Amino acid sequence: MKKPSLIALLTDFGDTDAYVASMKAVILSIAPTASIVDITHNIPPQEVRQASYQLWTVYKYFPKGTIFLCVVDPEVGSLRKIICVESDDHIFLAPDNGLLTYVLRYCKVLRVVEVLNSKYFQPTISSTFHGRDIFAPVAAHLSKLMDISNLGPGTQPKLLNLDFIELSPRATGKYNGRIIHIDHFGNIVTNILFKRQPTKSLRLKINRSTINSFYCTYSDAPANCSFMIMGSTNLLEVSLKNGNASTELRVKVGQKVLLEIK
């Protein structure tokens, strides 16, 4: 008998309430030997785009067969769909609000179904907590190697406009990008993606500031000076050595940036 699949959780529930624990309790009551990993529960409330980005940064490093249970669900209780996606390596369970946009554009999708079969839900469904009453039990059943076709009919997922600007190391010109994430350290992550370390001179305009320096590592950069760096996901970032770049430059997610490459 095969071992139950790993379940990875991503929510905006935070870590001060019992919401996440309730979901885990439901999962383990159905699949007692399931393994559960927390990606993060600190997505800003209702920020679907942030959830989409965070999921994209991590999903490819999980073992094959992992079930990603993602709940950032501003329209919980409404007629919005819940979808289950099977890719060549993983399964994703999420509200159909664009949360899966990044991963659906970068993985091979095999099937997408709408989750409708209440046989796999909790007996009583709260209108405000589908994470516990629908998502968690469905994920538990999936972890026991249930085929996703049992959940409902095929469907097409909703996608958001979250495209990356993909550049070669030798690219030149001007590119209008935006800030898609600010991490715990205050690093400013843009949607400009380099396939390898850029070889040309870069200049990034952000708010009223212009960043002219690019470094390959944090240790190469001087102190007290904002600089560009290619982050761990190959996205162009702005950092401040031993400081908080987002505070220093007074920026927020969604703001536009202009990259000039000479």
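Conventions and cut-offs
Residues numbered from 1 in each chain as written. Predicted model: local features only at pLDDT ≥ 70, side-chain atom pairs only at ≥ 80, totals over all residues. Heavy atoms only, no water. Pairing = 2+ DSSP bridges. Helix = DSSP H or I, 4+ residues; strand = E, 2+ residues; numbered from the N terminus. Axes fitted to C-alpha atoms, helices over the stretch in contact; angles between N-to-C directions. Contact = heavy atoms within 4.5 Å. 1 Å grid on protein atoms, 1.4 Å probe; cavity = no way out; pocket = protein on both sides within 12 Å on 5 of 7 lines; lining within 4 Å. Points joined across faces, edges and corners; volume = space filled by probe spheres on them. Nonpolar A, V, L, I, M, F, W, Y, C, P; charged D, E, K, R; others polar. Buried < 20%, exposed > 50% of the residue type's maximum accessible area, 1.4 Å probe, protein only. Polar contact = N/O pair within 3.5 Å; in protein donor to acceptor, adjacent residues only side chain to side chain. Patch = residues over 30% accessible without salt bridge, like charges linked within 9 Å, V, L, I, M, F, W, Y side chains within 5 Å. Areas by Shrake-Rupley, 256 points an atom, 1.4 Å probe, with all protein chains shown as cover. Salt bridge = Lys/Arg side-chain N within 4 Å of Asp/Glu carboxyl O. Lys, Arg positive; Asp, Glu negative; His and termini not counted. Charge placed at Lys NZ, Arg CZ, Asp CG, Glu CD. Expected span 1.5 Å × (residues − 1). Arc of directions from axis to C-beta.

Draft legend 1. Looking closely at the sheet that holds strand β4 (residues 82–87). Strands sit in the order β2-β1-β3-β5-β4-β6 across an open sheet of six strands; the sheet is mixed. Looking at which strands have only one partner, the edges of the open sheet turn out to be β2 (35–40) and β6 (109–114). Direction aside, neighbouring strands of the sheet carry axes that sit 20° apart on average. Here five bridges tie β4 to strand β5 (residues 91–95), and the two strands are oriented antiparallel to one another.

Draft legend 2. Local environment of the environment of Phe 214. In this fold, Phe 214 is placed in the loop between β11 (209–211) and β12 (226–230). The spatial distance from the C-alpha of Phe 214 to the C-alpha of Phe 227 is 5.7 Å, given a sequence separation of 13 residues. Contacts of Phe 214, omitting those with residues within four sequence positions, involve Gln 197, Pro 198, Leu 202, Met 228, Ile 229, Met 230 and Leu 236.

Draft legend 3. Spatial organisation of the layout of surface pockets. Estimated volume of the largest pocket: approximately 270 Å³. The element best represented in the lining of the largest pocket is helix α2 (residues 48–58), accounting for three residues. Each pocket or cavity is described by its volume, and for the second largest pocket that value is around 220 Å³. Looking at the second largest pocket, it is lined by 13 residues, and the ones nearest its centre are Asp 12, Phe 13, Asp 73, Val 76 and Thr 128. Considering only residue class, the lining of the second largest pocket consists of seven nonpolar, four polar and two charged.

Draft legend 4. Geometry of the side chain of Thr 190. Relative to the assigned elements, Thr 190 resides in strand β9 (residues 188–194). On the basis of relative accessible area, Thr 190 is assigned to the buried category, the value being 1%. Polar contacts involving the side chain of Thr 190 include one to the main-chain amide nitrogen of Ile 192, which spans 3.2 Å. Here Leu 236 takes part through its backbone oxygen, which lies 2.8 Å from a polar atom of the side chain of Thr 190. The residues contacting Thr 190, other than those within four sequence positions of it, are Arg 178, Ile 179, Ile 180, Leu 235, Leu 236 and Val 257.

Draft legend 5. Structural context of the environment of Leu 110. Inspection of the secondary structure puts Leu 110 in strand β6. Along the sequence, Leu 110 and Asp 88 sit 22 residues apart, while their C-alpha atoms lie 6.4 Å from each other. Sequence-distant contacts of Leu 110, defined by excluding residues within four places in its chain, comprise Glu 86, Ser 87 and Asp 88.

Draft legend 6. Quick peek at a positive patch on the surface. Together, Arg 170, Lys 195, Arg 196 and Lys 200 give the surface a local cluster of positive charge. Secondary-structure assignment places Lys 200 in the loop between β9 and β10 (202–206).

Draft legend 7. Representation of helix α1 (residues 19–30) in the model. The terminal C-alpha atoms of α1, which comprises twelve residues, lie 17 Å apart, in line with the 16 Å expected from a rise of 1.5 Å per residue. Looking only at α1, the buried set comprises Val 20, Met 23, Val 26, Ile 27 and Ile 30. Here the buried residues of α1 occupy an arc of 125° about the axis, which is enough to place them on one side. Those residues of α1 that are buried lie in contact with β1 (6–11), β2, β3 (67–71) and α4 (130–143).

These results come straight from atomic positions and should not be treated as a statement about function.
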